[in-house]
Structures are given as structure tokens and as C-alpha cells.
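# Structure assessment
Each chain, written out:
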Amino acid sequence: MSPRFLVPTPFSGGLILSYQCSCECKHCMYFGTPAWKDGWIKEKNLREILSLLSKVIKPSPLGKDRVSLNHGLHFTGGEPFLNYKILLKSIEIASELEIPSLFVETNCYWCKNDKITEKRLLELKNKGLQGILISVNPFILEHVPFERIERAIKISNQLFEDNLMIYQLYYYVQFKNMKIKGILNFDDYLKLVKIEEVKRRVELFKMGRAAHELSFLYERFPLKVFLNENCKMELVRNWHCHFDLHGNYMPGYCGGFSWGDVRNLDLLSKKGIELEKYPIFNALINGKLKDLHELAVKNFNYQELRTGYVSKCHACFDIRKHLALKTNVYKELQPREFYFHS
Ligand code: SF4
Ligand code: SF4
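Residues numbered from 1 in each chain as written. Chains lettered and ligands numbered in written order. Predicted model: local features only at pLDDT ≥ 70, side-chain atom pairs only at ≥ 80, totals over all residues. Heavy atoms only, no water.

This paragraph deals with the site of ligand 2. Residues in contact with ligand 2, as listed here, are Met 207, Cys 231, Glu 234, Leu 235, Cys 254, Phe 257, Leu 284, Lys 312, Cys 313, Cys 316 and Arg 320. Contributing elements (two or more residues each) for the shell around ligand 2: helix H9 (232–235) and helix H13 (312–326). Among the elements that take part in the shell around ligand 2, H13 stands out by supplying four residues, more than any other. Residue composition of the shell around ligand 2, by class: eight nonpolar, no polar and three charged. (Near = heavy atom within 4 Å. Helix = DSSP H or I, 4+ residues; strand = E, 2+ residues; numbered from the N terminus. Nonpolar A, V, L, I, M, F, W, Y, C, P; charged D, E, K, R; others polar.)

Structure, rendered in C-alpha cells:
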């Protein structure tokens, strides 16, 4: 029998209640869009997943009532406020189960006036929500008027105080200084800023939709530049992992990948899995990107993009997408719909 690989036990992460979103941002790692078809988490799944997570999620070093990006549990999507009822239920159950450092992530599309914003945030807080992460960036600004983001920040600051996180603060300050009103097209944003400076100062993951939609901002390289890359560090990390509405346990930010059902975590982490039965994980953990590439060329005639790749994640995703559209034999490529929105 081949040696077994013990799947890491996560101590923090985000629960994707749905991949559906009000926006379709150019940088989205999870291809959020209004067009996702697979709906919202079912209450039965929600209870089972949260019950399992309550055994492993660790609080922020600042305390169980404080939040931080890489501790505790957050509710995300997609856009979780698109289904407020489910979001409310999620907080209620997580709070009953005493999961620490709970926060929600939002693009603020729904903050149309003070009344609704305050009502919902207060209700969530009373159900046990401890904090909020407000996304601010020029990609969301293409879809969400800045006034709504400002409103959410103002009210969250009153309700959650130190448990308000603005991601990314650089953009918030920049938009305030630019006196932005309404939405702003990304092409117009580029005319107003020094993009090289923005790229130097702000983190942007060149994966997911960003690898295609924003590739014009970055140099492209032939595949051979990335073939010696290995992803053990990214795949076996146990912090800020993601879990989706189906129970898929996703390593870190690597969308479209699943270790299996997080409800089987005990089995996955104590008994382990035979990595040989997960050839894509095996290639990226025990080998290099070139092993994944060889597998795709040999079995499914993958052809290198003539236009090149902006990052190893771009190459990895393009190969995985090719495989996912040709076959369903690779059980680590989940959810399947992920590969149809790219
Ligand atoms: S708001 Fe967030 S989840 Fe929605 S498309 Fe934008 S980045 Fe993706
Ligand atoms: S190359 Fe693939 S496995 Fe590695 S970090 Fe990027 S998306 Fe994840």
C-alpha cells in the first residue's frame, strides 16, 4: 500500500455560502458572478459543516471576541448578503456552537441607505457576529458605488469598532483622496493613478479571474519559466483555508481544488489519503508543475498557451481547466462548475 498523506487540520478559514455574487470582479479568485447555478448552502449542510468546524477553529490571538484575517471563521462567497436569511442562520448556528472570532466579508452592494445597513448589521451582531471585513478595491468599484462602501464602513465602525477590517485600506484612502462618487470603470481608474506604484504597494493574487482579465498589467512568460515550481507550502497550510456549500475543503486560496468533504475531516487528517489516487495534488506536492504538465500533455493533449502565463497559478489553473473540461476522473477538481465560469 502506498504511504498515506495526512490532510492538514485547518485552524482558520472561510465558509463559502454560495459562489453567486452581485458582482463579477476582474480579480476574483473564485470566479464569483450572478451566473453561478449551484445555489446556496442547505441548512443541513450548514449545521454539519459548522459543527465539524467548531472542533478545530482557533480564536484570534487577541481573544475569541476579536477578529483577525487568519484566525477564526468568516462567512463569504460570492456575496453572503445576497441571501441574508442564510447568512443570519449561519451566524446563529456558529454562535450557538461557540465558534470563535466570527466575521463576515462583503462588497457592500446592499448598503443602499443607513436604515437597512444599520438594521442588518445590528441584527447580525445580536446573533453573535463579532466583526466584519469590507472589501475595497478598484474591481469592486466597477460595480458598487463608493458611497455604499463608505456607509458600510461608517456604520461598522460604530457597531464593531476594532473588529472592522478594511481590505484594502490603501484603496479606501486612495478613493477618499480622489473624492470618488458612484462607480468607476477600471479603464478610467487606470487613467487616474500610477499603476506601477499601486502594484508595488498593494497585494494582488495573480490567480482566478485576475490571471486572465488583468494579465495586460503583468509580464507574461513561457510555461518553462514555471515548470520547476512546487506547491507543497500552499497546499498543506492549515490557516485561512476555504470550505464551500457542498462541503469541499479547499486548500488556502486554491479555488477549484478539494481535499474531499470537510465533514470527513477526522478520516482525512488522521487516516489520510493515498496521494497516488489524487494525481494532481500528488504532482504539485511531491513533484513539480512539470509533472502536472506532463500528465496533461500525455493523457489529454494539453497545449501551452502561446500568449504565455503571468504566474504559476495561471499555468496551474489553465492546465486544470483543460483536464476538468476533458474528464471527470480527477476527484480533487471540485466543484466542477468552477471550471465552467472561467
Ligand atoms: S465581490 Fe468578491 S466574490 Fe464577488 S466577484 Fe468580486 S471578488 Fe468575487
Ligand atoms: S499553482 Fe496551483 S496549487 Fe499552486 S498555489 Fe497556485 S493555484 Fe494553488
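Right, picking up where we left off after that structure.
Where helix H4 (residues 146–160) contacts helix H5 (residues 169–177), the axes come no closer than 12 Å and their chain directions differ by 120 degrees. In terms of orientation, H4 and H5 fall into the oblique class. Crossing angle aside, the handedness with which H4 passes H5 is left-handed. Across from Phe 146, Glu 150 and Ile 153 in H4, the residues of H5 making contact are Tyr 172, Phe 175 and Lys 176. (Axes fitted to C-alpha atoms, helices over the stretch in contact; angles between N-to-C directions. Parallel < 35°, antiparallel > 145°, perpendicular 65-115°, else oblique. Left-handed = near helix turned anticlockwise from the far one by under 90°. Contact = heavy atoms within 4.5 Å.)

Here we come to the sheet that holds strand S8 (residues 249–250). If you trace the seven strands from one edge of the open sheet to the other, you get S6-S5-S4-S3-S2-S7-S8, paired in mixed fashion. Sheet topology places strand S6 (164–167) and S8 at the edges, where each strand pairs with a single neighbour. Where strand S5 (residues 131–135) meets S6, four bridges bridge the pair, whose relative direction is parallel. The residue bridging Ile 132 from the neighbouring strand is Leu 164, located in S6. Running at roughly 160 degrees to S5, H4 makes contact with S5 and S6 of the sheet. (Pairing = 2+ DSSP bridges.)

Now for the packing of aromatic side chains. The tally for this structure, following the rule as stated, stands at 23 aromatic pairs. Geometrically, the ring pair formed by Tyr 170 and Tyr 171 is edge-to-face, given 5.7 Å between the ring centres and 75 degrees between the ring planes. Overall, the relative accessible area of 24% leaves Tyr 170 in the partly exposed class. These aromatic residues form a ring-pair network of at least three members: Phe 139, Phe 146, Tyr 170, Tyr 171, Tyr 172, Phe 175, Phe 186 and Tyr 189. Its guanidinium or amino end placed over the ring of Tyr 218, Lys 199 lies 4.7 Å from that ring's centre, counting from NZ or CZ. Above the ring of Tyr 278, the side-chain terminus of Lys 331 is found at 4.9 Å from the ring centroid. (Phe/Tyr/Trp six-rings, centres within 6.5 Å; stacked < 30°, edge-to-face > 60°. Buried < 20%, exposed > 50% of the residue type's maximum accessible area, 1.4 Å probe, protein only. Lys NZ or Arg CZ within 6 Å of the ring centre and 35° of its normal.)

This part takes up the environment of Glu 142. You can see Glu 142 is positioned in the loop between S5 and H4. Counting along the chain gives 36 residues from Glu 142 to Thr 106, while the straight-line C-alpha distance between them is 15 Å. Setting aside chain neighbours within four positions, we find Glu 142 in contact with Lys 26, Ile 183, Leu 184, Asn 185 and Phe 186. Only 2.8 Å separates the side chain of Glu 142 from the side chain of Lys 26, close enough to count as a polar contact. (Polar contact = N/O pair within 3.5 Å; in protein donor to acceptor, adjacent residues only side chain to side chain.)

The full count for this structure, using the stated rule, is zero disulfides. Here Cys 23 stays free of any disulfide, with the sulfur of Cys 21 as its closest cysteine sulfur at 4.6 Å. (Disulfide = S-S within 2.5 Å.)

What follows deals with the site of ligand 1. The environment of ligand 1 is made up of Cys 21, Cys 23, Cys 25, His 27, Cys 28, Gly 32, Gly 78, Asn 107 and Ile 140. Looking at the shell around ligand 1 residue by residue, the class counts come to five nonpolar, four polar and no charged.

Here the focus is the pattern of salt bridges. For the coordinates displayed, the defined rule picks out 18 salt bridges. Taking the shortest distance from any N to any O, the salt bridge between Asp 266 and Lys 270 comes out at 3.0 Å. One end of the pair is Asp 266 and the other is Lys 270, both in helix H10 (residues 265–271) and four residues apart, which spans about a single turn. You'll find Asp 266 and Lys 270 in the same group, each marked exposed. In this structure, a network of salt bridges that share partners links the residues Lys 44, Glu 48, Asp 261 and Arg 263. (Salt bridge = Lys/Arg side-chain N within 4 Å of Asp/Glu carboxyl O.)

Inspection of the secondary structure assignment puts Asn 45 in helix H1 (residues 43–53). The contact partners of Asn 45, leaving out residues within four places of it in the chain, are Leu 245 and Arg 263.

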